[in-house]
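A structural walkthrough
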Amino acid sequence: MKKLFFAICFIQLLMTQALAKVTPVSGYENLQPQKNSEASAPIVHQVGIEEFGEFISDSLKRAIPAHPEDINNNIGYSPSLVSQQAKAEEQKSFFQQIYEQALNKVSQPTETIRDDIASATPPNLETQQQNWSEASDLPLVTAYLPPDNIPTSVPAMEHIPYLMNSIEVLPSGLVKFEETVVVVANGEKLSGGLTKILPQYVYNSEGLRQRLDYSVVGVRVNDMPVDYRLTSNGRNILLVPKDDYSLPPGIYTYKFEYVVDNLLWNYRNYYQLYWDVGGNGWNLVIDRLGASLNLPQPDAILSQDILLGFPSRLDNSSVTIRPNGATATAYIANRPLFIGEGMHLIANIDKEALNAPTVWQRVIRSFYNNGDVYLSLLCLIIIIFSFGLSWRYITKDKGQLKLKLNKTAMVSRLLMFDLFDIKSVCGFLLELYRKNIIDIQQSDNTVLLIKRTDNLKNLAKWQQKALKRLFPVHETVFNVNNQNRLPFRRFANDLEQGIRRWLWFFRLKLNMGYLLSGLAIVGLTEAFIAFLKIDSGYVFGVLSITSLICMAAIMLWNGAHRKWLKFISRLFAIDIIILCFIVFSAVVHFVAALFLIASLWGIATALNIYGRRLGLIKHYIQDTARFRDYLLENRDNLVLSRSAVNHQALIWALDLEKDFASVTGENYKIPAMQTIAAMWK
């Protein structure tokens, strides 16, 4: 069962529960095959199907043969559950098949397929029957078959000579399985031990599904406890040996004991149990197959059927049903079960035979089915609420993170007027003049820009790149006129891209705390979702990495400014987001995948809103406005002290050149900038 500790932790944090693990017991160091007590080869004889029937019936006390139609058919039931599922698979569209194949590939934790697991396309039934009939010519070995360890002769080929599945429905609605499997190993398919295949979901006749929760009591091989673990494999769960080992040739008796919750479908008047008692995933022929169903009360079965064969070729003519007392029923296959076949038990159980589920059980079982959806929805709600609450603090000027900002002419103009224009470009030229990087000379309507130094280490990379538009290699003079309009235009475009990119990253720095907190909420949610899965570490790794990639794609969607670049970046971003949705859907419900992407999009949207002029950036706008007021209030002092020359880049960028029109001098270059601005109008 799932550990309720994680459920309690989630209710207090994000509401979740954790996955129970297989209890480790021991290793394989001393594992040995069944020992034959005879010193020489035994004299054996062929064992037929009829003899196996007698063997099973003798082991079931008070067993009375009965026809399936005579056993409690109070409720009519169409035994087409498996065939309906097979038909639904055939009717899926080509796109849906491709989509599910992609999900199966992504959700596969390992590419290694064990040899004892059958492939998706089992051998032809007629071919298997022919090969099995030829097995009578093989040498025979003695196997001690349960429950009384009766020595029985079986073909010396790799197969399952005996399988008995004991199913007990507990009053609480849990279903306990005790499965005994005798295998003959010769070092081929079973070289790494036997794997038990379990379904991850159970389906009803309408195609709805609910996820199963497994608790492994233990696994024994030849009465020796061994370590097994649960791992996901597409739509199935594998109970596999915890450690790799080599199984020597011989005969082994495996006993799997586990409990399943959420297996019974709860209808209005009855519970329905569906289970493949033989298992259709083993890559081995099962020679003799039996099962028993035990219920808490007598006459609890309202109706039942047992179907044998491939999903598309099911019938109940090859199975015998035998009552075994007041509360138990036995099922015996009258022929071997070949690779790809199953023996499907469908039983409708009286509701009075079981205890009504408590509210807590319903909550827990609901989490089995939809825990990832609930968690991801809660994550989205928390993000919306927390970022909305943060916006209230931002609007009230509380608790703001402030980074130091160098108020250059371009930055100040963007902050004050939300503009980048020719005045921004000329403001950058005035700053270069103040730093003694260029000289500005004007004669009538001609403006010359003269490069004074190659030492540009005080400029950003993007500023150095833009300046090379004016001064290519070995060029030191640039004449600002209509003939040089194109390079000057490119110079201005490079500056605009650079300053807008810089501002975007600056806003990202301001929002870094919110970004990390939002990603932490998503990461914590994904950790709790992973606890609901079998392969917790694998699922968390897939979810967390995919979230980071998806977040980067969403930010790429919001990052571009130019129209053609925005189209390309958004096309690329949407492709990545769709791919992330497919990866999310491979490990969680597709609705949960949508909620996770919505949560990430909500974080990006909040960051975008916070970075706007009324958000975190407004403090810098207010500082710029205060500095503009300072220039106006101290205009006379600045003019008299000649300090206006040092501030001329900001005076120009903040549209104060008319207020400082009385400033004169050789170092006052605003008139030259006015000439350039007039030229580019």
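All residue numbers refer to position in the chain's written sequence, counted from 1. The predicted nature of this model means local features are confined to residues of pLDDT at least 70 and side-chain atom pairs, given and counted, to a pLDDT of 80 or more, with totals for whole chains, interfaces and linings taken over all residues. Working from all heavy atoms in the structure, the side-chain values ignore hydrogens and water.

**A closer look at the overall build of the protein chain**
How we decide: In DSSP terms, a helix is any run of H or I states spanning at least four residues, a strand is any run of E spanning at least two, and both are numbered starting from the N terminus. Relative accessibility decides the category of a residue: with a 1.4 Å probe and only protein chains considered, values under 20% of the type maximum give buried, values over 50% give exposed, and everything between is partly exposed. Every residue pair with non-hydrogen atoms within 4.5 Å of one another is taken to be in contact. Here, Shrake-Rupley sampling with a 1.4 Å probe gives the accessible areas, and only protein chains in the shown set may cover a residue.
On a plain count of helices and strands, the protein chain comes out with 18 helices and 23 strands. Expressed as a percentage of its 681 residues, the buried residues of the protein chain come to 49%. Look at the contacts in the protein chain between residues 6 or more apart in sequence, and 74% of them connect residues 24 or more apart. Total accessible area on the protein chain is roughly 33100 Å²; 55% of this is exposed by carbon and sulfur atoms.

**Concerning helix H15 (residues 618–633)**
So the rule is basically this: Helices are assigned an expected span. That span is 1.5 Å times one less than the residue count.
The terminal C-alpha atoms of H15, which comprises 16 residues, lie 22 Å apart, in line with the 22 Å expected from a rise of 1.5 Å per residue. Listed in full, the buried residues belonging to H15 are Lys618, His619, Tyr620, Ile621, Asp623, Thr624, Arg628 and Leu631. On its buried side, H15 packs onto helix H6 (359–395), helix H7 (409–417), helix H10 (485–510), helix H16 (635–640) and helix H17 (648–653).

**Quick look at the pairing of strand S8 (residues 213–221)**
Applied cut-off: The pairing criterion is simple: DSSP has to find at least two bridges between the two strands.
For S8, the buried fraction is high: seven of the nine residues fall into the buried class. Relative to strand S12 (residues 250–261), S8 is paired through eight bridges, and the arrangement is antiparallel. Each bridged residue has a counterpart across the sheet, and for arginine 220 the counterpart in S12 is lysine 255. Across three bridges, S8 lies against strand S9 (residues 224–226) in antiparallel orientation.

**Structural notes on helix H5 (residues 125–133)**
Selection rule: Directions are taken from the helix axis to each C-beta atom, and the arc is the one they span.
Turning to H5, its buried residues are Leu125, Gln128 and Trp132. Projection of H5 onto a plane perpendicular to its axis shows the buried side chains occupying an angular sector of 60°, all on one side. In this structure, the buried residues of H5 make contact with strand S3 (159–169), strand S16 (301–310) and strand S17 (313–315).

**Observations regarding the sheet that holds strand S13 (residues 265–266)**
Sheets are built from strands paired through backbone hydrogen bonds, the pairs being either parallel or antiparallel. In space, the five strands of this open sheet follow the order S13-S14-S20-S16-S17, with antiparallel pairing throughout. Two strands in the sheet have a free side with no partner beyond their single neighbour: S13 and S17. Summarising the sheet, S13 and strand S14 (residues 270–276) pair through two bridges and their orientation is antiparallel. Within the sheet, the bridge partner assigned to asparagine 266 lies in S14 and is tyrosine 271.

**Here we look at the packing of H7 against H15**
The criterion, for reference: Every axis corresponds to a line fitted to the C-alpha atoms, with the helix fit spanning only the stretch in contact, and the corresponding angles, defined between N-to-C directions, vary from 0 to 180 degrees. When describing relative orientation, an angle under 35 degrees is termed roughly parallel and one over 145 degrees roughly antiparallel, while 65 to 115 degrees is termed roughly perpendicular and anything else oblique.
Running from N to C, H7 and H15 point in directions that differ by 105°, and their axes come no closer than 9 Å. Between H7 and H15, the interaxial angle falls into the category roughly perpendicular. Residue-level contacts link Ser412, Leu415, Met416 and Phe417 of H7 to Tyr620, Ile621, Thr624, Ala625 and Arg628 of H15.

**Let's talk about the packing of aromatic side chains**
Heads up, the condition is: Note on ring pairs: Phe, Tyr and Trp rings are taken, using the six-membered ring of Trp, and paired if centres are within 6.5 Å. Classes follow the plane angle, with under 30 degrees stacked, over 60 edge-to-face and the rest tilted. To sit over a ring, a charge needs its Lys NZ or Arg CZ within 6 Å of the ring centre and within 35 degrees of the ring normal.
Tallied over the entire structure, the rule returns 19 aromatic pairs. Residues tyrosine 267 and tyrosine 270 carry aromatic rings whose centres are separated by 5.1 Å and whose planes lie at 25° to one another, so their mutual orientation is stacked. Ring centres of phenylalanine 488 and phenylalanine 491 lie 5.7 Å apart, and the angle between their planes is 55°; this geometry places the pair in the tilted category. Note that phenylalanine 488 and phenylalanine 491 are positioned in helix H10 at a spacing of three residues, about one turn of the helix. In terms of burial, phenylalanine 488 and phenylalanine 491 fall into one category: buried. A connected cluster of aromatic rings, assembled from ring pairs, spans Phe177, Tyr214, Tyr258 and Trp275. Taking NZ or CZ as reference, arginine 209 lies 3.8 Å from the ring centre of tyrosine 201, over its face. Directly above the ring of tryptophan 652 sits lysine 423, whose terminal nitrogen or CZ lies 4.4 Å from the centroid.

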